[in-house]
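Okay, here's what each chain looks like letter by letter:
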Amino acid sequence: MKQMMNLEPSLHVADILKAHHLLKDIVIHTPLQKDERLSEKYDCNVYLKREDLQIVRSFKLRGAYNKIKQLTKEETVNGIVCASAGNHAQGVAYSCKQLNIHGKIFMPSTTPRQKVSQVELFGRGHVEIILTGDTFDDSYKKARECSESEGRAFIHPFDDLEVIAGQGTIAIEILNDCDAELDYVFASIGGGGLISGIGTYFKQVSPGTKIIGVEPEGAPSFAESITAGEVVELENIDKFVDGAAVKRIGDHNFSICRQTVDDHILVPEGKVCTTILSLYNENAIVAEPAGALPIAALDFYRDEIKGKNIVCIVSGGNNDIGRMQEMKERSLMYEGLQHYFIVNFPQRAGALREFLDEVLGPNDDISRFEYTKKNNRDSGPAFVGIELKNKEDYTGLLNRMQRKGFPFTEVKKDSSLFHLFI
(Lines give C-alpha, C1' and ligand atoms only; values in the text may rest on other atoms or scores of the structure.)
Protein backbone atom coordinates (compact mmCIF):
# COMPACT_ATOMS: atom_id res chain seq x y z
CA MET A 1 0.00 0.00 0.00
CA LYS A 2 2.85 2.31 0.80
CA GLN A 3 2.66 5.59 -1.10
CA MET A 4 5.01 7.93 0.69
CA MET A 5 5.40 11.25 -1.08
CA ASN A 6 8.02 13.94 -0.65
CA LEU A 7 5.57 16.73 0.06
CA GLU A 8 5.82 19.55 2.57
CA PRO A 9 3.68 18.38 5.50
CA SER A 10 0.54 20.41 6.20
CA LEU A 11 0.79 19.63 9.91
CA HIS A 12 3.90 19.89 12.08
CA VAL A 13 5.08 18.64 15.45
CA ALA A 14 4.88 22.23 16.73
CA ASP A 15 1.12 22.27 16.03
CA ILE A 16 0.64 19.11 18.06
CA LEU A 17 2.82 20.37 20.90
CA LYS A 18 0.75 23.58 21.00
CA ALA A 19 -2.42 21.50 21.19
CA HIS A 20 -0.89 19.41 23.97
CA HIS A 21 -0.29 22.60 26.00
CA LEU A 22 -3.89 23.79 25.46
CA LEU A 23 -5.34 20.44 26.45
CA LYS A 24 -3.20 19.59 29.47
CA ASP A 25 -5.77 20.80 32.01
CA ILE A 26 -8.82 19.58 30.05
CA VAL A 27 -8.24 16.02 28.90
CA ILE A 28 -7.20 12.99 30.92
CA HIS A 29 -3.73 11.66 30.24
CA THR A 30 -5.11 8.18 29.54
CA PRO A 31 -3.12 5.09 30.56
CA LEU A 32 -0.95 3.00 28.28
CA GLN A 33 -1.44 -0.53 29.59
CA LYS A 34 0.37 -3.70 28.65
CA ASP A 35 -2.18 -6.41 27.94
CA GLU A 36 -0.76 -9.73 29.10
CA ARG A 37 -3.43 -11.85 27.45
CA LEU A 38 -2.99 -10.27 24.02
CA SER A 39 0.79 -10.27 24.43
CA GLU A 40 0.78 -14.00 25.10
CA LYS A 41 -1.67 -14.70 22.29
CA TYR A 42 0.44 -12.94 19.65
CA ASP A 43 3.87 -13.60 21.19
CA CYS A 44 4.73 -9.91 21.38
CA ASN A 45 4.27 -6.93 23.70
CA VAL A 46 0.83 -5.43 23.17
CA TYR A 47 0.04 -2.09 24.83
CA LEU A 48 -3.43 -0.57 24.82
CA LYS A 49 -3.83 3.20 24.76
CA ARG A 50 -7.06 3.53 26.73
CA GLU A 51 -8.87 6.48 25.18
CA ASP A 52 -12.07 4.70 26.20
CA LEU A 53 -11.21 6.09 29.66
CA GLN A 54 -11.16 9.70 28.42
CA ILE A 55 -13.62 12.16 30.02
CA VAL A 56 -16.13 11.69 27.20
CA ARG A 57 -15.09 8.04 26.71
CA SER A 58 -13.33 8.75 23.42
CA PHE A 59 -10.39 10.67 21.96
CA LYS A 60 -12.65 13.16 20.18
CA LEU A 61 -12.52 15.70 23.01
CA ARG A 62 -8.89 16.44 22.10
CA GLY A 63 -9.56 17.69 18.60
CA ALA A 64 -12.86 19.39 19.38
CA TYR A 65 -11.52 21.42 22.29
CA ASN A 66 -8.30 22.34 20.49
CA LYS A 67 -10.31 23.73 17.58
CA ILE A 68 -12.96 25.57 19.60
CA LYS A 69 -10.45 27.05 22.04
CA GLN A 70 -8.59 28.74 19.19
CA LEU A 71 -11.67 30.40 17.69
CA THR A 72 -11.92 34.17 18.16
CA LYS A 73 -14.76 35.80 20.10
CA GLU A 74 -16.12 37.12 16.81
CA GLU A 75 -16.21 33.58 15.37
CA THR A 76 -18.25 32.26 18.29
CA VAL A 77 -20.68 35.15 18.79
CA ASN A 78 -23.43 33.16 17.03
CA GLY A 79 -22.32 29.88 18.55
CA ILE A 80 -20.89 26.84 16.81
CA VAL A 81 -22.28 23.84 14.92
CA CYS A 82 -21.05 20.33 14.17
CA ALA A 83 -22.10 16.99 12.71
CA SER A 84 -21.26 13.73 14.42
CA ALA A 85 -22.15 10.06 14.74
CA GLY A 86 -21.68 10.45 18.49
CA ASN A 87 -18.16 10.80 19.86
CA HIS A 88 -17.27 14.13 18.23
CA ALA A 89 -20.62 15.44 19.45
CA GLN A 90 -19.71 14.57 23.03
CA GLY A 91 -16.37 16.30 22.69
CA VAL A 92 -18.01 19.40 21.25
CA ALA A 93 -20.73 19.39 23.92
CA TYR A 94 -18.17 19.14 26.73
CA SER A 95 -16.11 21.94 25.15
CA CYS A 96 -19.19 24.17 24.79
CA LYS A 97 -19.92 23.82 28.48
CA GLN A 98 -16.30 24.47 29.49
CA LEU A 99 -16.00 27.52 27.24
CA ASN A 100 -19.58 28.79 27.74
CA ILE A 101 -20.44 28.65 24.03
CA HIS A 102 -23.77 27.57 22.54
CA GLY A 103 -23.62 24.70 20.06
CA LYS A 104 -25.97 22.98 17.64
CA ILE A 105 -25.16 19.33 17.07
CA PHE A 106 -26.53 17.37 14.11
CA MET A 107 -26.51 13.60 14.56
CA PRO A 108 -27.80 10.72 12.39
CA SER A 109 -31.20 9.43 13.43
CA THR A 110 -29.56 5.99 13.68
CA THR A 111 -27.23 7.13 16.49
CA PRO A 112 -27.55 4.84 19.54
CA ARG A 113 -29.68 6.44 22.24
CA GLN A 114 -26.84 6.00 24.71
CA LYS A 115 -24.65 8.39 22.70
CA VAL A 116 -27.42 10.98 22.35
CA SER A 117 -27.99 10.91 26.12
CA GLN A 118 -24.29 11.38 26.75
CA VAL A 119 -24.19 14.45 24.49
CA GLU A 120 -27.05 15.93 26.48
CA LEU A 121 -25.24 15.14 29.71
CA PHE A 122 -21.93 16.70 28.69
CA GLY A 123 -23.55 19.78 27.13
CA ARG A 124 -25.71 20.53 30.19
CA GLY A 125 -27.92 23.14 28.51
CA HIS A 126 -25.24 24.56 26.23
CA VAL A 127 -26.15 22.45 23.17
CA GLU A 128 -29.15 21.67 21.00
CA ILE A 129 -29.28 18.22 19.37
CA ILE A 130 -30.90 17.69 15.97
CA LEU A 131 -31.34 14.10 14.76
CA THR A 132 -31.49 13.91 10.97
CA GLY A 133 -30.73 11.45 8.16
CA ASP A 134 -29.39 7.92 8.33
CA THR A 135 -25.62 8.53 8.12
CA PHE A 136 -22.99 10.99 9.25
CA ASP A 137 -22.90 12.37 5.71
CA ASP A 138 -26.61 13.26 5.89
CA SER A 139 -26.10 15.09 9.17
CA TYR A 140 -23.00 16.79 7.80
CA LYS A 141 -24.98 18.41 4.97
CA LYS A 142 -27.60 19.76 7.37
CA ALA A 143 -24.95 21.09 9.74
CA ARG A 144 -23.21 22.90 6.90
CA GLU A 145 -26.50 24.50 5.90
CA CYS A 146 -27.01 25.63 9.50
CA SER A 147 -23.51 27.09 9.59
CA GLU A 148 -24.22 29.20 6.52
CA SER A 149 -27.73 30.33 7.48
CA GLU A 150 -27.01 31.14 11.13
CA GLY A 151 -23.40 32.28 10.91
CA ARG A 152 -22.14 29.58 13.26
CA ALA A 153 -18.52 28.39 13.21
CA PHE A 154 -18.41 24.84 11.85
CA ILE A 155 -16.37 22.34 13.87
CA HIS A 156 -15.42 19.53 11.52
CA PRO A 157 -14.99 16.13 13.18
CA PHE A 158 -11.83 15.28 11.25
CA ASP A 159 -11.04 17.38 8.15
CA ASP A 160 -9.48 20.32 10.00
CA LEU A 161 -5.81 20.81 10.86
CA GLU A 162 -6.45 22.04 14.41
CA VAL A 163 -8.75 19.08 15.07
CA ILE A 164 -6.09 16.74 13.68
CA ALA A 165 -3.44 18.38 15.87
CA GLY A 166 -5.60 17.77 18.93
CA GLN A 167 -5.94 14.08 18.11
CA GLY A 168 -2.19 13.92 17.56
CA THR A 169 -1.57 14.65 21.24
CA ILE A 170 -2.27 10.95 21.86
CA ALA A 171 1.08 10.20 20.22
CA ILE A 172 2.90 12.49 22.66
CA GLU A 173 1.45 10.59 25.61
CA ILE A 174 2.25 7.20 24.07
CA LEU A 175 5.91 8.06 23.49
CA ASN A 176 6.25 9.69 26.90
CA ASP A 177 4.79 6.64 28.66
CA CYS A 178 6.51 3.81 26.79
CA ASP A 179 10.18 3.10 27.53
CA ALA A 180 10.40 0.45 24.79
CA GLU A 181 11.03 1.30 21.16
CA LEU A 182 7.71 0.94 19.41
CA ASP A 183 7.56 -1.12 16.23
CA TYR A 184 3.88 -0.75 15.32
CA VAL A 185 0.92 1.45 16.15
CA PHE A 186 -2.53 0.24 15.08
CA ALA A 187 -5.30 2.85 14.84
CA SER A 188 -8.75 2.96 13.29
CA ILE A 189 -9.55 5.01 10.20
CA GLY A 190 -12.92 6.63 9.76
CA GLY A 191 -12.69 10.19 8.54
CA GLY A 192 -8.97 10.04 9.31
CA GLY A 193 -8.55 12.57 12.12
CA LEU A 194 -6.98 10.20 14.65
CA ILE A 195 -4.54 8.38 12.41
CA SER A 196 -3.40 11.49 10.52
CA GLY A 197 -2.71 13.22 13.85
CA ILE A 198 -0.72 10.42 15.45
CA GLY A 199 0.91 9.57 12.10
CA THR A 200 2.24 13.10 11.77
CA TYR A 201 3.84 13.03 15.21
CA PHE A 202 5.31 9.54 14.95
CA LYS A 203 6.81 10.07 11.49
CA GLN A 204 8.61 13.20 12.68
CA VAL A 205 9.62 11.99 16.18
CA SER A 206 9.76 8.19 15.90
CA PRO A 207 10.06 7.46 12.17
CA GLY A 208 10.93 3.79 12.72
CA THR A 209 7.45 3.09 14.10
CA LYS A 210 5.10 1.67 11.48
CA ILE A 211 1.60 3.14 11.44
CA ILE A 212 -1.13 0.64 10.51
CA GLY A 213 -4.57 1.97 9.60
CA VAL A 214 -7.61 -0.23 10.20
CA GLU A 215 -10.95 0.22 8.45
CA PRO A 216 -14.24 -1.69 8.70
CA GLU A 217 -14.78 -3.86 5.63
CA GLY A 218 -18.16 -2.26 5.02
CA ALA A 219 -16.84 1.33 4.92
CA PRO A 220 -13.45 1.32 3.13
CA SER A 221 -13.25 5.01 2.24
CA PHE A 222 -9.46 5.23 2.69
CA ALA A 223 -8.75 1.96 0.88
CA GLU A 224 -10.89 2.96 -2.10
CA SER A 225 -9.29 6.41 -2.20
CA ILE A 226 -5.80 4.86 -2.17
CA THR A 227 -6.78 2.62 -5.08
CA ALA A 228 -8.15 5.59 -7.01
CA GLY A 229 -5.23 7.87 -6.14
CA GLU A 230 -7.63 10.55 -4.92
CA VAL A 231 -10.43 11.00 -2.41
CA VAL A 232 -13.55 9.15 -3.51
CA GLU A 233 -17.00 9.02 -1.97
CA LEU A 234 -18.57 5.61 -1.41
CA GLU A 235 -22.14 5.09 -2.54
CA ASN A 236 -23.11 2.68 0.23
CA ILE A 237 -21.57 1.75 3.56
CA ASP A 238 -22.27 -0.65 6.43
CA LYS A 239 -23.06 1.68 9.34
CA PHE A 240 -22.37 -0.91 12.06
CA VAL A 241 -18.94 0.47 13.06
CA ASP A 242 -20.58 3.84 13.55
CA GLY A 243 -17.46 5.61 14.81
CA ALA A 244 -15.56 4.76 11.62
CA ALA A 245 -18.32 4.43 9.01
CA VAL A 246 -18.05 7.44 6.73
CA LYS A 247 -18.55 7.60 2.99
CA ARG A 248 -15.65 9.97 2.42
CA ILE A 249 -12.32 10.41 4.17
CA GLY A 250 -11.29 14.03 4.73
CA ASP A 251 -9.13 15.83 2.18
CA HIS A 252 -6.50 16.94 4.72
CA ASN A 253 -6.60 13.51 6.30
CA PHE A 254 -6.11 11.63 3.04
CA SER A 255 -3.18 13.85 2.09
CA ILE A 256 -1.50 13.32 5.47
CA CYS A 257 -2.26 9.59 5.58
CA ARG A 258 -0.62 9.03 2.20
CA GLN A 259 2.58 10.32 3.75
CA THR A 260 2.36 8.72 7.18
CA VAL A 261 0.39 5.44 7.05
CA ASP A 262 2.66 2.49 6.27
CA ASP A 263 -0.06 -0.09 5.68
CA HIS A 264 -3.80 -0.49 6.00
CA ILE A 265 -6.24 -3.35 6.33
CA LEU A 266 -9.98 -3.98 6.13
CA VAL A 267 -11.49 -5.96 9.00
CA PRO A 268 -14.90 -7.70 8.71
CA GLU A 269 -17.58 -6.37 11.02
CA GLY A 270 -18.11 -9.86 12.42
CA LYS A 271 -14.47 -10.03 13.49
CA VAL A 272 -14.89 -6.68 15.24
CA CYS A 273 -17.85 -8.13 17.16
CA THR A 274 -15.82 -11.15 18.24
CA THR A 275 -13.13 -8.78 19.52
CA ILE A 276 -15.62 -6.60 21.42
CA LEU A 277 -17.05 -9.64 23.21
CA SER A 278 -13.58 -10.97 23.98
CA LEU A 279 -12.42 -7.63 25.41
CA TYR A 280 -15.50 -7.49 27.61
CA ASN A 281 -15.41 -11.09 28.80
CA GLU A 282 -11.66 -11.46 29.27
CA ASN A 283 -10.41 -7.93 29.99
CA ALA A 284 -13.49 -6.16 31.39
CA ILE A 285 -12.99 -3.50 28.70
CA VAL A 286 -16.10 -1.97 27.14
CA ALA A 287 -14.96 -0.98 23.66
CA GLU A 288 -17.15 0.43 20.94
CA PRO A 289 -16.77 -1.07 17.44
CA ALA A 290 -14.31 1.58 16.22
CA GLY A 291 -12.32 1.19 19.43
CA ALA A 292 -12.00 -2.56 18.92
CA LEU A 293 -10.92 -2.29 15.27
CA PRO A 294 -7.14 -2.04 15.90
CA ILE A 295 -7.15 -5.08 18.19
CA ALA A 296 -9.26 -7.03 15.70
CA ALA A 297 -6.55 -6.40 13.10
CA LEU A 298 -3.82 -8.15 15.09
CA ASP A 299 -4.92 -11.59 13.85
CA PHE A 300 -4.09 -10.51 10.30
CA TYR A 301 -0.58 -9.33 11.32
CA ARG A 302 0.29 -12.28 13.54
CA ASP A 303 3.52 -13.13 11.71
CA GLU A 304 4.77 -9.55 11.29
CA ILE A 305 4.28 -8.50 14.92
CA LYS A 306 5.81 -11.56 16.59
CA GLY A 307 8.42 -10.42 19.11
CA LYS A 308 7.65 -6.72 18.49
CA ASN A 309 6.34 -3.85 20.62
CA ILE A 310 2.81 -2.93 19.60
CA VAL A 311 0.35 -0.19 20.55
CA CYS A 312 -3.36 -0.46 19.77
CA ILE A 313 -5.39 2.69 20.32
CA VAL A 314 -8.73 1.84 21.93
CA SER A 315 -10.30 5.00 20.58
CA GLY A 316 -13.63 4.87 22.41
CA GLY A 317 -15.91 3.01 24.77
CA ASN A 318 -19.32 4.47 23.99
CA ASN A 319 -21.07 1.18 23.39
CA ASP A 320 -24.82 0.73 23.64
CA ILE A 321 -25.68 -2.38 25.65
CA GLY A 322 -28.80 -2.73 23.51
CA ARG A 323 -26.55 -3.68 20.58
CA MET A 324 -24.91 -6.60 22.37
CA GLN A 325 -27.31 -9.20 20.96
CA GLU A 326 -26.59 -7.96 17.44
CA MET A 327 -22.87 -8.11 18.17
CA LYS A 328 -23.15 -11.67 19.43
CA GLU A 329 -25.10 -12.61 16.30
CA ARG A 330 -22.55 -11.06 13.96
CA SER A 331 -19.70 -12.68 15.87
CA LEU A 332 -21.24 -16.15 15.72
CA MET A 333 -21.90 -15.81 11.99
CA TYR A 334 -18.34 -14.66 11.33
CA GLU A 335 -16.94 -17.54 13.39
CA GLY A 336 -19.05 -20.03 11.40
CA LEU A 337 -21.17 -21.02 14.40
CA GLN A 338 -24.53 -19.43 13.49
CA HIS A 339 -26.39 -20.44 10.31
CA TYR A 340 -29.84 -19.76 8.88
CA PHE A 341 -31.95 -21.83 6.52
CA ILE A 342 -35.34 -21.90 4.84
CA VAL A 343 -36.36 -25.51 5.45
CA ASN A 344 -39.25 -27.14 3.57
CA PHE A 345 -40.65 -29.77 5.90
CA PRO A 346 -41.98 -32.86 4.08
CA GLN A 347 -45.72 -33.57 4.25
CA ARG A 348 -45.53 -36.49 6.63
CA ALA A 349 -46.45 -36.95 10.25
CA GLY A 350 -43.67 -36.29 12.72
CA ALA A 351 -41.42 -34.45 10.27
CA LEU A 352 -40.52 -31.75 12.78
CA ARG A 353 -39.71 -34.33 15.45
CA GLU A 354 -37.56 -36.22 12.93
CA PHE A 355 -35.69 -33.00 12.15
CA LEU A 356 -34.97 -32.41 15.82
CA ASP A 357 -33.95 -36.00 16.56
CA GLU A 358 -32.13 -37.08 13.40
CA VAL A 359 -30.93 -33.93 11.61
CA LEU A 360 -29.62 -31.79 14.46
CA GLY A 361 -26.31 -32.92 15.88
CA PRO A 362 -25.88 -33.64 19.61
CA ASN A 363 -24.29 -30.21 20.20
CA ASP A 364 -26.50 -28.18 17.82
CA ASP A 365 -29.14 -25.75 19.11
CA ILE A 366 -32.08 -24.13 17.35
CA SER A 367 -31.70 -20.41 18.03
CA ARG A 368 -34.64 -19.29 15.92
CA PHE A 369 -37.68 -21.00 14.41
CA GLU A 370 -40.66 -19.45 12.68
CA TYR A 371 -43.02 -20.63 9.99
CA THR A 372 -43.14 -18.40 6.92
CA LYS A 373 -46.88 -19.08 6.45
CA LYS A 374 -49.65 -18.78 9.03
CA ASN A 375 -51.54 -21.76 7.61
CA ASN A 376 -50.20 -25.21 6.70
CA ARG A 377 -47.63 -25.02 9.48
CA ASP A 378 -47.12 -28.78 9.54
CA SER A 379 -45.95 -28.88 5.94
CA GLY A 380 -44.91 -25.33 5.05
CA PRO A 381 -41.44 -23.78 4.89
CA ALA A 382 -39.85 -22.46 8.08
CA PHE A 383 -37.04 -20.03 8.84
CA VAL A 384 -34.60 -21.92 11.06
CA GLY A 385 -31.54 -20.59 12.87
CA ILE A 386 -29.05 -23.19 14.10
CA GLU A 387 -26.11 -22.51 16.40
CA LEU A 388 -23.22 -24.97 16.26
CA LYS A 389 -20.72 -25.69 18.98
CA ASN A 390 -17.96 -26.30 16.41
CA LYS A 391 -17.88 -24.80 12.93
CA GLU A 392 -16.60 -28.13 11.59
CA ASP A 393 -20.07 -29.61 12.28
CA TYR A 394 -21.63 -27.56 9.46
CA THR A 395 -20.94 -30.04 6.65
CA GLY A 396 -22.45 -32.89 8.64
CA LEU A 397 -25.61 -30.85 9.29
CA LEU A 398 -26.05 -30.19 5.56
CA ASN A 399 -25.48 -33.84 4.72
CA ARG A 400 -28.12 -35.00 7.22
CA MET A 401 -30.73 -32.56 5.89
CA GLN A 402 -30.14 -33.84 2.37
CA ARG A 403 -30.10 -37.49 3.41
CA LYS A 404 -33.30 -37.24 5.45
CA GLY A 405 -35.20 -35.43 2.70
CA PHE A 406 -35.47 -31.89 4.09
CA PRO A 407 -35.09 -29.48 1.13
CA PHE A 408 -33.40 -26.29 2.29
CA THR A 409 -31.96 -22.97 1.16
CA GLU A 410 -28.91 -21.47 2.87
CA VAL A 411 -29.95 -17.91 3.65
CA LYS A 412 -26.41 -16.50 3.59
CA LYS A 413 -26.00 -17.62 -0.03
CA ASP A 414 -29.06 -15.63 -1.16
CA SER A 415 -28.49 -11.90 -0.61
CA SER A 416 -32.20 -11.02 -0.88
CA LEU A 417 -33.16 -13.62 1.72
CA PHE A 418 -30.29 -12.58 3.97
CA HIS A 419 -31.38 -8.95 4.09
CA LEU A 420 -35.02 -9.98 4.51
CA PHE A 421 -34.50 -12.25 7.52
CA ILE A 422 -31.23 -11.24 9.20
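This one's a predicted model, so the numbers in the text were calculated from it and none came from an experiment.

Moving on, we come to the environment of alanine 165. On the secondary structure map, alanine 165 appears in helix α7 (residues 161-177). Put simply, alanine 165 and aspartate 15 are 150 residues apart on the chain and 6.0 Å apart in space, counted from C-alpha to C-alpha. Sequence-distant contacts of alanine 165, defined by excluding residues within four places in its chain, comprise Leu11, Asp15, Ile16, Ala19 and Asn66.

This part covers the pairing of strand β8 (residues 210-216). Taking burial as the measure, the seven residues of β8 include six buried ones, the bulk of the element. In the sheet, strand β7 (residues 184-188) pairs with β8 via five bridges, with the strands oriented parallel. Bridge assignment links tyrosine 184 to a residue of β8, and that residue is lysine 210. Between the parallel elements β7 and β8, the chain passes through helix α8 (residues 193-205) in a crossover that is right-handed. Direction of pairing for β8 relative to strand β9 (residues 263-267): parallel, over a ladder of five bridges.

Turning our attention to the sheet that holds strand β1 (residues 32-34). The sheet built from six strands is open, its strands ordered β1-β2-β10-β7-β8-β9 with mixed pairing. The sheet terminates laterally at β1 and β9, the two strands that pair on one side only. Taking each pair of neighbouring strands and ignoring which way they run, the sheet shows an average axis angle of 25°. Across three bridges, the pairing between β7 and strand β10 (residues 309-314) is parallel. When the sheet's bridge partners are listed, tyrosine 184 is paired in β10 with isoleucine 310.

Among the nonpolar cores identified, the biggest contains 34 residues, and Ile174, Ile198, Phe202, Phe222, Val311 and Ile313 are the most heavily contacted of them. Elements that contribute at least two residues to this core include exactly α1 (13-23), α7, β7, α8, α9 (221-228), α10 (251-260) and β10. Per element, the largest residue contribution to this core is six residues, and it comes from α7. Setting aside anything within four residues of it in sequence, one finds isoleucine 198 in contact with Gln167, Gly168, Ile170, Ala171, Val185, Ala187 and Ile313. Among the nonpolar cores identified, the runner-up in size contains 33 residues, and Tyr42, Ile265, Val272 and Ile310 belong to it.

Over its 13 residues, helix α4 (residues 87-99) extends 18 Å from the first C-alpha to the last, a length consistent with the 18 Å expected when each residue adds 1.5 Å. Of all the 13 residues making up α4, 10 are buried; the element is thus mostly covered by neighbouring parts of the structure. Turning to α4, its buried residues are Asn87, His88, Ala89, Gln90, Gly91, Val92, Ala93, Tyr94, Ser95 and Cys96. Of the surrounding secondary structure, the elements contacted by the buried residues of α4 are α3 (60-69), β3 (80-83), β4 (103-107), α5 (113-123) and β5 (127-131).

For the pair helix α11 (residues 269-283) and helix α12 (residues 289-296), the least separation of the axes is 8 Å and the interaxial angle reads 95°. With respect to α12, the element α11 is oriented roughly perpendicular. Touching Lys271, Val272, Thr275, Ile276 and Leu279 of α11 are Pro289, Ala292, Leu293, Ile295 and Ala296, all from α12. Split into classes, the residues belonging to the contact of α11 with α12 amount to eight nonpolar, one polar and one charged.

Backbone hydrogen bonds hold the strands of a sheet together, and the pairing may be parallel or antiparallel. If you walk across this open sheet you meet the four strands as β5-β4-β3-β6, and the pairing is parallel. Two strands close off the open sheet at either side, each with one partner strand: β5 and β6 (153-154). Where β3 and β4 come together, four bridges link them in parallel fashion. Opposite cysteine 82, over in β4, you have isoleucine 105 as the bridge partner. Sheet strands touched by α4: β3, β4 and β5. Its angle to β3, the strand with the most contacts, is close to 165°.

Moving on: a nonpolar patch on the surface. A surface patch of nonpolar side chains, amounting to about 190 Å² of accessible area, comprises Leu352, Leu356 and Ile366. Positionally, leucine 356 belongs in helix α15 (residues 351-359).

As a further point, take the pattern of salt bridges. Under the defined criterion, the tally for this structure stands at 23 salt bridges. As a salt-bridge pair, lysine 67 and aspartate 160 come within 3.0 Å of each other at their nearest N and O atoms. In this pair, lysine 67 sits in helix α3 while aspartate 160 sits in the loop between β6 and α7, placing the two residues 93 residues apart along the sequence. Just as lysine 67 is buried, aspartate 160 falls in that class too. Note that lysine 104 is salt-bridged to glutamate 150, the shortest N-O span being 2.8 Å. On the criterion of sequence distance, the pair formed by lysine 104 in strand β4 and glutamate 150 in helix α6 (residues 136-150) is long-range, its members being 46 residues apart.

Okay, the side chain of aspartate 159 next. Inspection of the secondary structure puts aspartate 159 in the loop between β6 and α7. Here aspartate 159 occupies a buried position and makes no salt bridge, while the nearest side chain of opposite charge, arginine 248, is found at 5.2 Å. Polar side-chain contacts of aspartate 159 include one of 3.0 Å to the backbone nitrogen of aspartate 251. Polar contacts involving the side chain of aspartate 159 include one to the main-chain amide nitrogen of histidine 252, which spans 2.9 Å. Ignoring anything within four residues of it in the chain, the contact list for aspartate 159 reads Gly250, Asp251, His252 and Asn253.

Let us now look at the packing of aromatic side chains. Tallied over the entire structure, the rule returns 13 aromatic pairs. With centroids separated by 5.4 Å and ring planes inclined at 65°, the aromatic side chains of phenylalanine 345 and phenylalanine 355 adopt a geometry described as edge-to-face. In this pair, phenylalanine 345 sits in the loop between β11 (338-344) and α15 while phenylalanine 355 sits in helix α15, placing the two residues 10 residues apart along the sequence. Residues phenylalanine 369 and tyrosine 371 carry aromatic rings whose centres are separated by 5.3 Å and whose planes lie at 90° to one another, so their mutual orientation is edge-to-face.

Our focus in this paragraph is the confidence of the model for the chain. Looking at the chain as a whole, its pLDDT mean stands at 92, while 94% of the residues score no less than 70. Confidence drops under pLDDT 50 across residues 1-7; counting only partners more than four residues distant or on other chains, this segment forms 18 contacts.

About the criteria used
- Residues numbered from 1 in each chain as written.
- Predicted model: local features only at pLDDT ≥ 70, side-chain atom pairs only at ≥ 80, totals over all residues.
- Heavy atoms only, no water.
- Helix = DSSP H or I, 4+ residues; strand = E, 2+ residues; numbered from the N terminus.
- Contact = heavy atoms within 4.5 Å.
- Buried < 20%, exposed > 50% of the residue type's maximum accessible area, 1.4 Å probe, protein only.
- Pairing = 2+ DSSP bridges.
- Right-handed = clockwise from strand over helix to strand, strands pointing away.
- Axes fitted to C-alpha atoms, helices over the stretch in contact; angles between N-to-C directions.
- Core = buried A, V, L, I, M, F, W, Y, C linked by side-chain atoms within 4.5 Å.
- Expected span 1.5 Å × (residues − 1).
- Parallel < 35°, antiparallel > 145°, perpendicular 65-115°, else oblique.
- Nonpolar A, V, L, I, M, F, W, Y, C, P; charged D, E, K, R; others polar.
- Patch = residues over 30% accessible without salt bridge, like charges linked within 9 Å, V, L, I, M, F, W, Y side chains within 5 Å.
- Areas by Shrake-Rupley, 256 points an atom, 1.4 Å probe, with all protein chains shown as cover.
- Salt bridge = Lys/Arg side-chain N within 4 Å of Asp/Glu carboxyl O.
- Lys, Arg positive; Asp, Glu negative; His and termini not counted.
- Polar contact = N/O pair within 3.5 Å; in protein donor to acceptor, adjacent residues only side chain to side chain.
- Phe/Tyr/Trp six-rings, centres within 6.5 Å; stacked < 30°, edge-to-face > 60°.
- pLDDT = per-residue confidence, 0-100.

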